[in-house]
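# What the coordinates show
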Amino acid sequence: MTVRTRFAPSPTGFLHIGGARTALYNWLYAKKNGGSFVLRVEDTDAARSTDDSAKVILDGLKWLGLEWDEGPGVEGKFGPYFQSQRQDIYDAYLEKLQKADLVYEDEGATRFRVPDKDMVVHDRICGDVAVNLKTAGSKRFDEATKQEVEANPDIVIRRPDGSYIFHFVNVVDDIEMKISHVIRGEDHLSNTPKHLALFEAFGVAPPIYAHIPLNLNPSGTKMSKRDQGALIHEYVQSGFLGAAVNNYMALLGWSSGDDQEVFSPEELLEKFDLSGVNKANSKFDFKKCLWVNGEHIRSLSIPDLQTAAAPFLESAGIDADDPRLLGALELARERAQLLSEIPPVIEPVFSADISITDAAREKLTGHVDIAKVCSTLVQSLTEVSDWSVDAIKAGINNAAESMEVKMGKLMLPCRVAVTGATSGADLVPMMVLIGKETTLQRIENLPSLLGG
RNA sequence: GACCCGUUCGUCUAGCGGUCUAGGACUCCGCCCUUUCACGGCGGCAACACGGGUUCGAGUCCCGUACGGGUCGCCA
């Protein structure tokens, strides 16, 4: 069987984490099985679809690396891939139903006659689920009165203006695009019997279904776009790696069976399988997502890190061609969970001036004799001719000895003098990158900076 | 409200009848490493929703209850 999966977002103007995860699972399943991943934009609701709103979703998928084999911009045999352009196809399918007398007009809309029997969903994750649409649909819950009211179980498939409804186009397109596996959120499980009825009406065998559990926010309710971590473009802006976000999304509702948590894209592809998908909903944990990102950052080579961090370095005004950049990135890589954390860490290397943070100022106040520490350090470091890690360490050590204190006593003042902060990257290598002249100058300036 | 799906540490999960005094990861807290921070290493806190069955034996199977989520649109 040729595996063909699809992601069918409606253009809402943003790519939601839930949608992205659905896309990921579909992409992984298709790629793993040598199949195709199709992207189809479900923009049948003209009122909600705008020109740009699809682009955000496409950009988000590209950033995650979930490239589609067919879809917008990648024309395949089954296009067009925007539902708004497939009206003729839908009309033809409607005609089939009309000929079979399975539809009728109702106040201008078109309804599909639902069969009075159990439709059984054979779901790869949820098992068999049987629903009789006639029975189930003949009552409706009225939110306003909190009561059940009589309803028409036959489903509307076309609006009076001629545009089609989700259930209908979804099935028609899955038939036309030869979709073999439908992997989607569990919120669609209750819709599936309707889709099965349509497949049956068209005389086509339905695809294999796999309804994946939902991702909820930490409060246990549906993730809304206001929840932290809900929107993909925010991951881009805050310095996540696409591979890391994929990794974390995969982990929400799936496990490899062993204890592995961090996966390269290749490993994910190799290990992912529907059989490892959990049945229960999961809650989003931003801290773990951060941790996964940090792991991925640490696994990057320096050139790859430079590429990934480029936008953040640029907006911080750090020159991409600066010869000290690679060394600085190496120091920052060990301690960053987000790419956006890199510039602040390495900035002391590149900026002409530093400013002392309030926390640093506070920590040094009345702590040691800063003026003496600085003058001793300057004196001792001036004598360091070979400005290397070892030599600088020896220099600091000399200063410590002459003051009869432990080397650690001098490190904090030295760090604040050189970087302005109490924490940061490995200090001595930073001093190497900053250079002897600037380093000495900064240490010399510290007392006056603190005084002012 | 009806129907559907689910329920193992705070969170993500392993577990597919005995190897579970329940394993891993994140978080948090200690300790070690180290010139600081981080990384790393070591350790700690912490869970089978409840009640009935089935079975020699149940976290694992069945049934109820409770709780959570989903669906019930001329949204997708």
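The present account deals with the structure reproduced in this document.

Rules of the game
Residues numbered from 1 in each chain as written. Chains lettered and ligands numbered in written order. Predicted model: local features only at pLDDT ≥ 70, side-chain atom pairs only at ≥ 80, totals over all residues. Heavy atoms only, no water. Near = heavy atom within 4 Å. Polar contact = N/O pair within 3.5 Å; in protein donor to acceptor, adjacent residues only side chain to side chain. Helix = DSSP H or I, 4+ residues; strand = E, 2+ residues; numbered from the N terminus. Buried < 20%, exposed > 50% of the residue type's maximum accessible area, 1.4 Å probe, protein only. Pairing = 2+ DSSP bridges. Right-handed = clockwise from strand over helix to strand, strands pointing away. Axes fitted to C-alpha atoms, helices over the stretch in contact; angles between N-to-C directions.

What follows covers the protein's contact with RNA strand B. Close contacts around RNA strand B come from 59 residues, with Arg159, Arg335, Met411, Arg415 and Asp426 the closest. Per the 4 Å cut-off to the protein, sugar and phosphate atoms form 68% of the nearby atoms of RNA strand B. Take leucine 251: an N or O atom from its main chain is 3.0 Å from a sugar or linking oxygen of RNA strand B. Interatomic distance of 3.0 Å between a backbone N/O atom of glutamate 334 and a sugar or linking oxygen of RNA strand B. Of all the secondary-structure elements, those providing two or more residues to the surface near RNA strand B are β7 (139-142), α5 (166-176), β13 (282-283), α10 (286-298), α17 (407-419) and α18 (427-434). Counting residues per element, the surface near RNA strand B draws most heavily on α10, which supplies 5 residues.

Below, the discussion takes up the pairing of strand β10 (residues 181-185). Across the 5 residues of β10, 5 count as buried, placing the element largely inside the fold. Two elements, β10 and strand β11 (residues 208-212), share 5 bridges in a ladder whose sense is parallel. Considered in β11, the bridge of valine 182 is made with tyrosine 209. Once you follow β10 into helix α6 (residues 192-202) and on to β11, the crossover reads as right-handed.

Our next topic: the sheet that holds strand β9 (residues 155-158). Read from one edge to the other, the open sheet built from 3 strands follows the order β3-β4-β9, with strand pairing classed as antiparallel. Edge positions in the sheet fall to β3 (103-106) and β9, since each of these pairs with one other strand and no more. Sheet twist, expressed as the average angle between the axes of neighbouring strands with direction ignored, equals 45°. Relative to β9, strand β4 (residues 109-112) is paired through 3 bridges, and the arrangement is antiparallel. Its bridge partner being in β9, arginine 111 is matched across the sheet by valine 156.

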